[in-house]
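# Coordinate inspection notes
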Amino acid sequence: MIIVEDMAQQAGKHEKKHRYWQDNGIDMIRCPLPVGDYILANETVLDVIKRKEARGMNPKKMDFLGTYNVCVDSKFSIQELVSDVCGKQHERFRDELILAKNNGIRLIILVENDPEVVYSRNGKHIANQTIHDIRELHKWVNPRLWIFQRGKQKYQTATKGVSLMKACLTMQMKYGCEFRFCSSAESGAEIIKLLGGE
């Protein structure tokens, strides 16, 4: 089995996944993908790579359109999901959802998240547990809500868990994408499962 990882994936943030695949005999290659971060290298995908290599060229993103019908877009935290769904990256993220929908690609957004402790101003803490389902997002406490500067809340309009949940549910209905959640330790195995490579 071969996994294709999008070349836009940042180095150093995906070592747990890479180690899992290496330990389980799963090879990985990096290519630019039009949609998603991970796909299975099926015969059509490998044919694109082989033909480009024979011509002394590297494949481009759009060379892979029509070669796969399911992909996983990974997020290394709920905070990254907030940026894509409710923040500055929203338009880019929405465009990717539309591109997937228009090309019949099942796009699964896999959000890695681990338990974390959020400290409040009075020294108490709130524990965020691992989210496993989109409908649990309302429990998530944005750590930015607990950052204070000169006695005042610095990010008063930071996205709350319930708002993020509603936005994600709306995107699922509108664009046909799916939001899934797991711990960072589970992500390598979960990607293989979601891509149908069990």
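In this report, we go over the structure that sits alongside the text. (Residues numbered from 1 in each chain as written. Predicted model: local features only at pLDDT ≥ 70, side-chain atom pairs only at ≥ 80, totals over all residues. Heavy atoms only, no water.)

## Concerning the packing of aromatic side chains
When we look at a pair of aromatic rings, we describe it by the centre distance and by the angle of the planes. Tallied over the full model, the rule gives one aromatic pair. A ring pair is formed by Trp-21 and Tyr-38, whose centres lie 5.3 Å apart and whose planes are at 70 degrees; its orientation type is edge-to-face. Residue Trp-21 is located in helix 1 (residues 15-23), and its partner Tyr-38 is located in strand 3 (residues 38-40); the two are separated by 17 residues in the primary sequence. Its relative accessible area of 1% is what places Trp-21 among the buried residues. (Phe/Tyr/Trp six-rings, centres within 6.5 Å; stacked < 30°, edge-to-face > 60°. Helix = DSSP H or I, 4+ residues; strand = E, 2+ residues; numbered from the N terminus. Buried < 20%, exposed > 50% of the residue type's maximum accessible area, 1.4 Å probe, protein only.)

## Digging into the environment of Trp-140
Position of Trp-140 relative to the elements: it lies in the loop between strand 7 (125-128) and strand 8 (148-149). Distance in space between the C-alpha atoms of Trp-140 and Thr-130 is 9.0 Å, their sequence separation being 10 residues. With residues up to four places along the chain from it excluded, the contact list for Trp-140 reads Ile-78, Gln-79, Val-82, Glu-116, Asn-128, Thr-159, Gly-161 and Leu-164. (Contact = heavy atoms within 4.5 Å.)

## Here's the deal with the layout of surface pockets
The volume enclosed by the largest pocket comes to roughly 500 Å³. Gln-9, Asp-37, Lys-75, Glu-80 and Arg-92 are, among the 23 residues lining the largest pocket, the residues nearest its centre. Looking at the lining of the largest pocket, the elements with two or more residues in it are strand 4 (70-75), helix 3 (78-86) and helix 4 (90-102). When residues of the lining of the largest pocket are assigned to their parent elements, the largest contribution, four residues, is made by helix 4. In the lining of the largest pocket, the residues fall into five nonpolar, seven polar and 11 charged. Empty space within the second largest pocket amounts to approximately 280 Å³. Looking at the second largest pocket, it is lined by 21 residues, and the ones nearest its centre are Phe-76, Ser-77, Glu-112, Asn-113 and Asp-114. Those elements that place two or more of their residues in the lining of the second largest pocket are helix 1 and helix 3. Ranked by residue count, the leading element in the lining of the second largest pocket is helix 1, at three residues. Of the residues belonging to the lining of the second largest pocket, the class tally is six nonpolar, eight polar and seven charged. (1 Å grid on protein atoms, 1.4 Å probe; cavity = no way out; pocket = protein on both sides within 12 Å on 5 of 7 lines; lining within 4 Å. Points joined across faces, edges and corners; volume = space filled by probe spheres on them. Nonpolar A, V, L, I, M, F, W, Y, C, P; charged D, E, K, R; others polar.)

Honestly, that's just the spatial picture; any functional story needs more than this.
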